[in-house]
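A closer look at the structure
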Amino acid sequence: MPPDQFPQFNDLPLAKRWATWECLGVWGQWGGQDELGTLNHLTDEVVAKAAAENIKSGLRVSLNWSMQGAAKPRFPRKVVEVKLINKAPLKHAHDDELYYMGRTADDFAASPEPNGIQHIAAKGIAGRAVFIDWYRWAQAQAIEVDATTAYAVPFEELLEVMRYQNMGLNDLRKGDILVIRFGYLAQYEGMSEAKRDELDNRYKTHKPENIGVKPSRELLEMLWDKKIAAICGDSRSLEVWPCTELEWHLHEWLLAGWGMPIGELFYLEELSKICEQRKRYTFFMSSSPMNVPGGVASPPNALAFF
């Protein structure tokens, strides 16, 4: 389907079973050889407008967590080291059966070209970001939450936070990057030594749990219809983990279905303070992923500009 004929979410003819889901009307939206997915919303015009409207004072802040941050408790995140692992026949983690544009694991084994992060690194990710500070809102409502548990943040609460920040869905526009603070890294940094020991031992035999957004049709519909370019947060997986809403599993819909980047473990503590002080929740954001042919992920190398 030509890019100028952008279907609404309700018009997407998606198969219901992931194993046979070919994302008709999504794969091929930007051409048969597309490698960027929803990042195609970040046209030169969109980026130029975002920069002109949001970079006013020159104030900037890093959104990068320390590369040694996940020291204790340790969870499944490589520290600095980069290594590609062939998971067959010993399977260490769940992978989607199909990837963006219908590519498979065999395609990746044959060439570093398909879906490699080098395609994003060529121009980077830059545009207007919208900050949704759920954790600050939750604290103001005296909501107690343990971010190292599977606490699911519903879509309705994200809307409530936006209203709390004097914003709404009508303020979102094509090419926006959503940034959500759940408080995961705030609690990780402030964790007692006893809890660090407890979780460090638990993670040796159990997959970590973490706070995140609750997957839902309403959330996906908003992301698609508002033409959001990318989404990130400060939790370990963005969506609540483990995921129990498998029909709306964000990693499958966004990454494999739409080619929408998901950012995890962004450091948002200083950003939260600046936004609260200025009562301003939009800014210009840049992210320059590492240029690694065939790479599947990268540190964000992200900055926020005001």
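Residues numbered from 1 in each chain as written. Predicted model: local features only at pLDDT ≥ 70, side-chain atom pairs only at ≥ 80, totals over all residues. Heavy atoms only, no water.

What to know about the pattern of salt bridges
Counted under the stated rule, the structure contains 11 salt bridges. Among the salt bridges present, the one from Glu53 reaches Arg173, with a minimum N-O distance of 2.7 Å. Pair noted here: Glu53 is in helix α1 (residues 44–54) and Arg173 is in the loop between α5 (155–164) and β4 (177–180), with a separation of 120 residues, a long-range link. For Glu53, a relative accessible area of 37% puts it in the partly exposed group. Accessibility expressed as a relative area gives 24% for Arg173, which makes it partly exposed. Of the charged contacts in the structure, one is a salt bridge between Arg136 and Asp133, with a shortest N-O distance of 3.4 Å. Among the residues examined, Asp133 registers a relative accessible area of 3% and is labelled buried. Here the salt bridges do not stand alone but share partners, grouping Asp133, Arg136, Arg181 and Glu269 into one network. (Salt bridge = Lys/Arg side-chain N within 4 Å of Asp/Glu carboxyl O. Helix = DSSP H or I, 4+ residues; strand = E, 2+ residues; numbered from the N terminus. Buried < 20%, exposed > 50% of the residue type's maximum accessible area, 1.4 Å probe, protein only.)

Quick word on the sheet that holds strand β1 (residues 60–62)
The sheet built from seven strands is open, its strands ordered β1-β9-β8-β2-β4-β6-β7 with mixed pairing. On the outer flanks of this sheet lie β1 and β7 (262–263), each paired with one strand and no other. Pairing of strand β8 (residues 282–287) with strand β9 (residues 302–305), which is carried by four bridges, proceeds in the antiparallel orientation. The residue bridging Ser286 from the neighbouring strand is Leu303, located in β9. (Pairing = 2+ DSSP bridges.)

Examining the nonpolar core
With 78 residues, the main nonpolar core has Leu223, Trp258, Leu271 and Met285 as its most contacted residues. Once you skip the residues sitting within four places of it in the chain, Leu223 turns out to touch Leu178, Ile228, Ile231, Leu254, Trp258 and Met260. (Core = buried A, V, L, I, M, F, W, Y, C linked by side-chain atoms within 4.5 Å. Contact = heavy atoms within 4.5 Å.)

Let's talk about unusual backbone geometry
Phi is mostly negative for residues that are not glycine, and the peptide bonds are mostly trans. That bond from Lys72 to Pro73 is cis: its omega, 0°, falls within 30 degrees of zero. With omega at 5°, the peptide bond leading from Trp241 into Pro242 counts as cis. Summarising the element assignment, Pro242 is placed in the loop between β6 (230–233) and α9 (250–258). At Ala142, a residue that is not glycine, the phi angle is positive and equals roughly 60°.

Regarding the pairing of β4
Burial along β4 is two-sided: Ile177 and Val179 and Leu178 and Ile180, pointing in opposite directions, are all buried. As defined by bridge partners, strand β2 (residues 125–132) adjoins β4 across four bridges and the pair is classed as parallel. Bridge pairing links Ile132 to Ile180 in β4. The sheet contact formed by β4 and β6 spans four bridges and is parallel. Of the residues in β6, the one forming a bridge with Ile180 is Gly233.

As for the pairing of β9
Bridge count for β1 against β9 is three bridges, and the pairing is antiparallel. Note on β9: the bridge partner recorded for Arg60 is Phe305.

As for the packing of aromatic side chains
In total, this model carries 13 aromatic pairs according to the counting rule given. Between Phe6 and Trp224, the ring centres sit 4.6 Å apart and the planes meet at 20°, which makes this aromatic pair stacked. Placement of Phe6 in the segment before α1 and of Trp224 in helix α8 (residues 217–225) is noted, with a sequence separation of 218 residues between them. Like Trp224, Phe6 is buried. A centroid spacing of 4.9 Å and a plane angle of 50° characterise the contact between Trp224 and Trp258, whose relative ring orientation is tilted. In this pair, Trp224 sits in helix α8 while Trp258 sits in helix α9, placing the two residues 34 residues apart along the sequence. On the basis of relative accessible area, Trp224 is assigned to the buried category, the value being 1%. What makes Trp258 buried here is its relative accessible area of 0%. Among the aromatic residues, ring-to-ring pairing joins Phe6, Phe9, Trp30, Trp224, Trp248, Trp253 and Trp258 into one connected group. (Phe/Tyr/Trp six-rings, centres within 6.5 Å; stacked < 30°, edge-to-face > 60°.)

Interpretation in functional terms is not warranted from these geometric data alone.
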